[in-house]
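Structural features, examined
Residues per chain, in single letters:
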Amino acid sequence: VAKANGVGSRGLKALSATSYATATIKADRSQHSFKLSLNQFMQKRGANAIISQGKKQKAANAKLFASIEKRFGVPAGPLIAIWGMETAFGRFTGNQNTISAVATLAYDCRRPDFFREQLISALKLVDKGVLSSSSRGAMHGEVGQTQFLPKNVFLYGADGDGGGINLNKKADALASTARFLNAHGFPRKGPYSAGSFAGWNAATVYQKALAIIANKIDGY
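Residues numbered from 1 in each chain as written. Predicted model: local features only at pLDDT ≥ 70, side-chain atom pairs only at ≥ 80, totals over all residues. Heavy atoms only, no water.

**Topic: unusual backbone geometry**
Residues Gly190 and Pro191 are joined by a peptide bond in cis, for which omega reads 0 degrees. Phi at Ala88 is positive, roughly 55 degrees, even though this residue is not glycine. Positioned with a positive phi, Gln147 is a non-glycine residue whose angle comes to about 60 degrees. Along the polypeptide, Gln147 turns up in the loop between strand 2 (136–137) and helix 9 (150–156). (Helix = DSSP H or I, 4+ residues; strand = E, 2+ residues; numbered from the N terminus.)

**Digging into the packing of helix 1 (residues 9–16) against helix 8 (residues 112–128)**
Interaxial distance between helix 1 and helix 8 falls to 7 Å at its minimum, and their mutual angle equals 120 degrees. Here helix 1 is positioned oblique relative to helix 8, judged by the angle of their axes. The way helix 1 lies across helix 8 gives a crossing that is right-handed. When helix 1 is examined against helix 8, the residues Ser9, Arg10, Gly11, Ala14 and Leu15 are found in contact with a partner set consisting of Leu119, Leu123, Val126 and Asp127. (Axes fitted to C-alpha atoms, helices over the stretch in contact; angles between N-to-C directions. Parallel < 35°, antiparallel > 145°, perpendicular 65-115°, else oblique. Left-handed = near helix turned anticlockwise from the far one by under 90°. Contact = heavy atoms within 4.5 Å.)

**Section: helix 8**
Its 17 residues give helix 8 an end-to-end C-alpha distance of 24 Å, which sits within 8% of 24 Å, the value for a rise of 1.5 Å per residue. All of the buried residues along helix 8 are Pro112, Phe115, Gln118, Leu119, Ile120, Ser121, Ala122, Leu123, Leu125 and Val126. Immediately beyond the C-terminal end of helix 8, within one or two residues, lies Gly129, with a positive phi of roughly 85 degrees. (Expected span 1.5 Å × (residues − 1). Buried < 20%, exposed > 50% of the residue type's maximum accessible area, 1.4 Å probe, protein only.)

**Some details on the pattern of salt bridges**
Counted under the stated rule, the structure contains 9 salt bridges. Between Asp218 and Lys58 there is a salt bridge whose closest N-O contact spans 2.8 Å. Of this pair, Asp218 sits in helix 11 (residues 204–218) while Lys58 is found in helix 4 (residues 47–60), placing the two residues 160 residues apart along the sequence. The exposure class assigned to Lys58 is partly exposed, which follows from its relative accessible area of 29%. Taking the shortest distance from any N to any O, the salt bridge between Asp113 and Arg116 comes out at 3.0 Å. Residue Asp113 and its partner Arg116 are both found in helix 8; the two are separated by 3 residues, about one turn of the helix. (Salt bridge = Lys/Arg side-chain N within 4 Å of Asp/Glu carboxyl O.)

**Considering the packing of aromatic side chains**
For any pair of aromatic rings, the description consists of the separation of the ring centres together with the inter-plane angle of the planes. With the rule as written, the count across this model stands at 11 aromatic pairs. Geometrically, the ring pair formed by Tyr156 and Phe180 is edge-to-face, given 5.2 Å between the ring centres and 80 degrees between the ring planes. One end of the pair, Tyr156, is in helix 9; the other, Phe180, is in helix 10 (residues 170–183), with 24 residues separating them in the sequence. What makes Phe180 buried here is its relative accessible area of 3%. Taken together, a centroid distance of 5.2 Å and an interplanar angle of 65 degrees make the contact between Phe186 and Phe197 edge-to-face. One end of the pair, Phe186, is in the loop between helix 10 and helix 11; the other, Phe197, is in the loop between helix 10 and helix 11, and 11 residues separate them in sequence. Pair check on accessibility: Phe186 and Phe197 agree, each one buried. Three or more aromatic residues link up through ring pairs in this structure, and these residues are Phe148, Tyr156, Phe180 and Trp200. (Phe/Tyr/Trp six-rings, centres within 6.5 Å; stacked < 30°, edge-to-face > 60°.)

So, in structure tokens, the structure goes:
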């Protein structure tokens, strides 16, 4: 099936090296944080710390954010909110083998069709040299500093510093996130609403938290 969908020899070799990701299945069955109230969710995710650190990140990386906004029309605040919420500004990107995680979820009965698309994209990214059989990320196959699923890397991955696409690099992760948001109709200025982030995450509580954090970072 992978070969019929255009996966080449490097991708097929990576697929043959996968193993069943027990930890991924356990994590998939244990997602409870989206059932919290907004205040509980904000507290659990450390929203105040993200806002405080996010303002510092905005100042420290002003040139990068200005370049990204000029290129994709997305301001700093939303990017910083996502960056902080997803990986604490790149500090925690995950240690699960990406190809094994996505292959396991494609095999699993809960969302196989969705993750088969992710698997094909992941294997094509191996062919392109963006991922490898040893790439590591979050439990569901998300990679990089803003936790892109493989299909989104394939569709929206952007080079932020001229060195090729690597979402473990800050510039590439933020540029890719801006490209994704731009493609999903993100507003070019705030104040931002929960609905502004609907394309990024389906959970309403997550959208609301991102909107609050982004507004505070950008001064709305």
